[in-house]
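# Breakdown of the fold
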Number of protein chains: 2
Amino acid sequence: MTTPTPEIIRAAASRIAGDVRRTPLWRLPGAALGLRCAEVWLKLEQLQVGGSFKARGMFNRMRSLPVPAAGVVVASGGNAGIAVATAAQSLGVACEVFLPEVSSPAKRTALAALGARVVVRGAAYPDALAACLARQRESGALLMHAYDQAEVVAGAGTLGGEIEAEAGLPERVLVSVGGGGLVAGVAAWFGGRCRVEALEPALAPTLHAARAAGMPVDVAVAGVAADSLGARRIGDIAWAVQRQGFIAASHLLDDAAIRDAQRRIWRELRLAVEPAAALPLAALWTGLVQPVAHERVAVIVCGANLDPASLA
Amino acid sequence: MTTPTPEIIRAAASRIAGDVRRTPLWRLPGAALGLRCAEVWLKLEQLQVGGSFKARGMFNRMRSLPVPAAGVVVASGGNAGIAVATAAQSLGVACEVFLPEVSSPAKRTALAALGARVVVRGAAYPDALAACLARQRESGALLMHAYDQAEVVAGAGTLGGEIEAEAGLPERVLVSVGGGGLVAGVAAWFGGRCRVEALEPALAPTLHAARAAGMPVDVAVAGVAADSLGARRIGDIAWAVQRQGFIAASHLLDDAAIRDAQRRIWRELRLAVEPAAALPLAALWTGLVQPVAHERVAVIVCGANLDPASLA
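## A short note on the sheet that holds strand E5 (residues 117-120) of chain A
Residue and element names in this part refer to chain A. The sheet built from four strands is open, its strands ordered E5-E4-E3-E6 with parallel pairing. Where the open sheet ends on each side, the last strands, each with one partner, are E5 and strand E6 (142-143). Pairing of strand E3 (residues 72-75) with strand E4 (residues 95-99) involves four bridges; the strand directions are parallel. Looking at E4, one finds that Val 74 is bridged to Val 97. On top of the sheet, helix H3 (residues 79-91) reaches E3 and E4; it is set at about 165 degrees to E3, its chief contact.

## Things to note about the interface of chain A and chain B
The partner chain B presents 23 residues to the 23 residues of chain A that form the contact. Across the chain A to chain B interface the summed buried area is about 1900 Å²; carbon plus sulfur atoms make up 65%. For the chain A face of the interface with chain B, the top three residues by lost area are A:Arg21, A:Trp26 and A:Arg270, together amounting to 32%. Where chain A packs against chain B, one counts zero salt bridges. Where chain A packs against chain B, one counts eight residue pairs in polar contact (both at pLDDT 80 or more). Mapped onto the side of chain A that touches chain B, the elements with two or more residues apiece are strand E1 (25-29) and helix H11 (255-269) of chain A. For the side of chain A that touches chain B, the element with the highest residue contribution is H11(A), accounting for three residues. When grouped by side-chain class, the residues that make up the side of chain A that touches chain B number 15 nonpolar, four polar and four charged.

## A short note on the pairing of E5(A)
All names here are of chain A. In the sheet, E4 pairs with E5 via four bridges, with the strands oriented parallel. In the strand pairing of E5, Phe 98 is matched with Val 119. As for the winding sense of the linkage, the β-α-β connection from E4 through helix H4 (residues 105-113) to E5 is right-handed.

## Thoughts on the domain arrangement of chain A
Residues and elements named next belong to chain A. In terms of domains, chain A is made up of domain 1 (6-53 + 150-311) and domain 2 (54-144). The straight-line distance from the C-alpha centre of domain 1 to that of domain 2 is 24 Å. If you look at the interface, domain 1 gives 26 residues, while domain 2 gives 16 residues. For the pairing of domain 1 and domain 2, the buried interface totals around 1800 Å² over both sides, and the portion due to carbon and sulfur atoms is 53%. Along the contact surface separating domain 1 from domain 2 lie four salt bridges. A salt bridge links Arg 61 to Glu 151; the nearest nitrogen and oxygen atoms lie 2.8 Å apart. Where domain 1 touches domain 2, the interface holds 13 residue pairs in polar contact (both at pLDDT 80 or more). Only helix H1 (6-16), helix H6 (150-167) and helix H9 (226-229) provide two or more residues apiece to the side of domain 1 that touches domain 2. The biggest single contributor to the side of domain 1 that touches domain 2 is H6, with eight residues. Its residues assigned to classes, the side of domain 1 that touches domain 2 shows nine nonpolar, eight polar and nine charged.

## Structural notes on helix H8 (residues 206-213) of chain B
Three- or four-residue spacings in an α-helix give side chains the same orientation, since the helix completes a turn every 3.6 residues. Residue and element names in this part refer to chain B. Looking only at H8, the buried set comprises Thr 206, Leu 207, Ala 209 and Ala 210. Down the axis, H8 shows its buried residues gathered within 160 degrees of arc, on one side only. Among the residues trailing H8, Gly 214 stands out with phi positive, at a value near 80 degrees.

## Brief notes about the confidence of the model for chain A
When pLDDT is averaged along chain A, the result is 95; 100% of the residues meet or exceed 70. Predicted as a complex, the structure gets a pTM of 0.96 and an ipTM equal to 0.95.

## So, the pattern of salt bridges
Applying the stated criterion across every chain yields a total of 32 salt bridges over all chains. Across the pair A:Glu197 and A:Arg195 runs a salt bridge, and its minimum N-O distance is 2.6 Å. Close ionic contact of B:Glu197 with B:Arg172 constitutes a salt bridge, the shortest N to O distance being 3.2 Å. In this pair, B:Glu197 sits in strand E8 (residues 195-201) while B:Arg172 sits in strand E7 (residues 172-176), placing the two residues 25 residues apart along the sequence. Neither B:Glu197 nor B:Arg172 differs from the other in exposure class; each is buried.

## Let's talk about the relation of the copies chain A and chain B
The two copies are related by a screw operation: chain A maps onto chain B through 180 degrees of rotation and 0.0 Å of translation along the axis, at an RMSD of 0.0 Å. The superposition of one copy onto the other is thereby described by a two-fold rotation axis. For chain A, the minimum C-alpha distance to the rotation axis belongs to A:Ala309 and amounts to 2.0 Å. An overlap of 100% is found between the interface residues of chain A and their copies at the interface of chain B, pointing to a shared contact surface.

## Regarding helix H10 (residues 236-243) of chain A
All names here are of chain A. Within H10, six of the eight residues are buried, which leaves the element mostly enclosed by the surrounding structure. If you check which residues of H10 are buried, you get Ile 237, Ala 238, Trp 239, Ala 240, Val 241 and Gln 242. Buried residues in H10 make contact with H6, helix H7 (181-190) and helix H8 (206-213). Gly 245 sits one or two residues past H10 and shows a positive phi near 90 degrees.

## Quick word on the side chain of B:Ser176
Residues and elements named next belong to chain B. Mapped onto the fold, Ser 176 is located in strand E7. A polar contact of 2.7 Å, which involves the side chain of Ser 176, links it to the backbone oxygen of Ala 276. If near-sequence neighbours (up to four positions away) are discounted, Ser 176 is found in contact with Leu 182, Leu 199, Leu 229, Ala 276, Ala 277, Leu 279, Pro 280 and Cys 302.

## A closer look at the pairing of strand E7 (residues 172-176) of chain A
Residues and elements named next belong to chain A. A large share of E7 lies buried, amounting to five of its five residues. Of the two faces of E7, the one carrying Arg 172, Leu 174 and Ser 176 and the one carrying Val 173 and Val 175 are both buried. As defined by bridge partners, E7 adjoins strand E8 (residues 195-201) across five bridges and the pair is classed as parallel. Within E8, the residue paired with Leu 174 across the bridge is Glu 197. Remark: the E7/H7/E8 crossover connection has right-handed handedness. In this sheet, strand E10 (residues 296-301) lies alongside E7 in parallel orientation, the contact comprising three bridges. Note that in E10 the partner of Leu 174 across the bridge is Val 299.

About the thresholds
- Here, residues in each chain are numbered from 1, in the same order as that chain's written sequence.
- Just so you know, chain letters begin at A and ligand numbers begin at 1, following the order they were written in.
- Totals for whole chains, interfaces and linings use every residue, but because this is a predicted model, local features are given only for residues with pLDDT of at least 70 and side-chain atom pairs only at 80 or more, for both listing and counting.
- Hydrogen atoms and water are omitted, and side-chain values are computed over all heavy atoms in the structure.
- In short, DSSP must find at least two bridges between two strands for them to pair.
- Secondary structure elements follow DSSP: runs of H or I of four or more residues count as helices, runs of E of two or more count as strands, with numbering from the N terminus.
- Any two residues having at least one pair of non-hydrogen atoms within 4.5 Å are treated as being in contact.
- For every element, the axis is a line fit to its C-alpha atoms; helices are fit only across the contacting stretch, and the angle between N-to-C directions ranges from 0 to 180 degrees.
- We define buried area as the total accessible area lost by two parts upon association, computed with a 1.4 Å probe and summed across both.
- Whenever a carboxyl oxygen of Asp or Glu lies within 4 Å of a side-chain nitrogen of Lys or Arg, that contact is scored as a salt bridge.
- As used in this structure description, the phrase polar contact means that two N or O atoms lie within 3.5 Å; if the pair is within protein, one of them must be able to donate a hydrogen and the other to accept it, and residues adjacent in sequence are counted only when both atoms belong to side chains.
- Residues are grouped as follows: Ala, Val, Leu, Ile, Met, Phe, Trp, Tyr, Cys and Pro are nonpolar; Asp, Glu, Lys and Arg are charged; every other residue, Gly included, is polar.
- We call a crossover right-handed when, viewed with the strands running away from us, the connection from the first strand over the helix to the second turns clockwise.
- Domain borders in the structure are assigned automatically or taken from a domain database.
- Relative accessibility decides the category of a residue: with a 1.4 Å probe and only protein chains considered, values under 20% of the type maximum give buried, values over 50% give exposed, and everything between is partly exposed.
- Read the arc as the range of directions from the helix axis to the C-beta atoms.
- For every residue, the predictor assigns a confidence score, pLDDT, that lies between 0 and 100.
- We superpose the copies by least squares over the C-alpha atoms of residues that have a pLDDT of at least 70 in both of them.

Dropping the structure here:
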C-alpha cells in the first residue's frame, strides 16, 4: 500500500488550488476556549465547497486521472457523495450517485440539485455499493471512493500543508476518523514532526479496533456521527500510515460528549458544525486529551452538513 | 460631536486586545461567490464574543471609564444587551439590563444566564429606556448605549484596523447600519482612504433618511432585521462621520433580498448569520453594489444571534 508523501500532497495542492477554498485558520488563545494550552488553531474546513473537507480529495482524483465520457460514480449519501457531485458539476463531468432505499429523500434531492443522477438500489449501503460497482464495470466510469484511494487521501492531506504554511508547525493536531482518509492525509503530511491524534466515536471505532487487533477489522457502526464517520473498517491507506507510526494515538468519545461539544461550539463560537466535526473539541473539553501549557493544538473542523435546527 | 481618530481607535484596540477575539478574515476570489470582482474579504465578526461586533465597543467603554460599584446599565434586548452582559460578566462588574414587556422570554433567560439582572419595565423599548435612564440617575451606574457613545464607536472601529493589518487596504468596505456605531467606527478608521458604503434595510433606513433630510430624523422601523438594525434614528457620532465625508454611499435593501442572502450564505458558505449580517452580500448578489474587476471588497459579517432553525 502506497502512502502519500509530502511531495505528492504538495502536487495535489497545486492541482486543486483553483477548485477548492482556502479555508480560514482561526487562532485563539487556549483560554478563549476554557483550555490551559497556549493556543488552539481551528481550521474551519466546514466552510469548504460542499460543506466538508471531502471536496479536496474528490477534485484531486478527478484532476489526476482521465475521466471517461461516462463520468464518475460513487456509492455514498454522505459528505463524499456531496463532494463528488459538487466536483463533477464544477468540472462539467457526468456523475452517478448510488444510494440505498433507507437514504432520506432530502439527501436524494440535494444530490440531484447538484446535477447528479441519483440511483436508488438495495436495502442498505452494502447493496448500493454492490450496484455501484456493477454499474462501474458496465459503464467504465471513474470509481470514486469516500476515503481509500491514493488521490483522495493526498487531497485531504493538503489541509495539513495549509495549516503549516499559514501558522507553522503545531505541537499537536486533532482529527476525526471515519474511514481514515482525513487522518491518513494529514498524518502523512506531518510525517511524525508533530503529534497527530485520532478521535473516533465509541460507536464507530474503526481505527481503535484495528489498533487493538493489529489489523483492519469490521466494526458495528451507530450513533450521532454515523452519518459521516460510519465506515465499517479503517481504510488500507490509513492503516499503512498508522503502521508508519505517524498517528500517535486514537481516542474514543461517547455520543453525549460529541453532542454536548457540537452544541457548545454553536453557543460559544457561533460555528455550525456536524457531530463528526465536534470530536476534537469534545476531547479537549472532556479532558480526554490534555495538552500541556506551551502547546499549540490544531483542530480540524471537518464538516457542516447538518440540519441547523439540530443545534438548538 | 467628536468623532474617533485612527489614534483613538488604535488605543482602543490595545485596551481590549485581551478581552475580544481576533476574528478570521476569510479572503476568497470573487468568483467563489459568483461575483466579478477580484476578491471578497469576509471579516467573520459574527464569531466574536457574544455573537456580534458589539463586544468591542462595550469592552472599550468599560475599560476606558471608571465603573462604579453599581456597575453598568443598558436598555437593550438585542446584541448590545448581550454584549454589555458578556463584557460585564467577563470583567466582574454588576450589570442591569432593561427590557420592555414585549421582549421575548428567551432573551430574558439568555441575559440572566450571562449574570445580568434583567428588569422588565413598560410596554415598548422607549418605556424601558426611560426606566433605564431613571435607574441610572438613581444608582450612578455607568450608562451603556448601543451605538452613540465615543468609546463604543471607537471599539467598533477596531474592526477596520484588524482588516487593514491583516490584508492591507481594500478598495471598498461594506457595512450594515442600524444606529450607525459600526459604520461610524469603520469609516473613521479608513478616513476616506477607501470607499466605505452603508447598507440598510428599506424598512429601517436611519442613515438614508438623514442623508435625504440633511440631518438625523426619526424613521419607522420594521422588517426581518429590525431586531438588530432597528434604531429609530442615526446616532450623532455616525452623522458627524457622514458629514466628514467618510461614508461614500448608503443603499437600501428589501426584506426578501436580505432573507435570500441570509439563506444563501448558509447554503453556499456554511456561515450561520443573522439577517442584519446578510446585507452586504445581499447588495453584491442583487447587483445593487457592483464593484469593478480589480476590486478587493471587504464585507463585515456582523452578527450571528439567530435561531439556527430559521436558516432552513
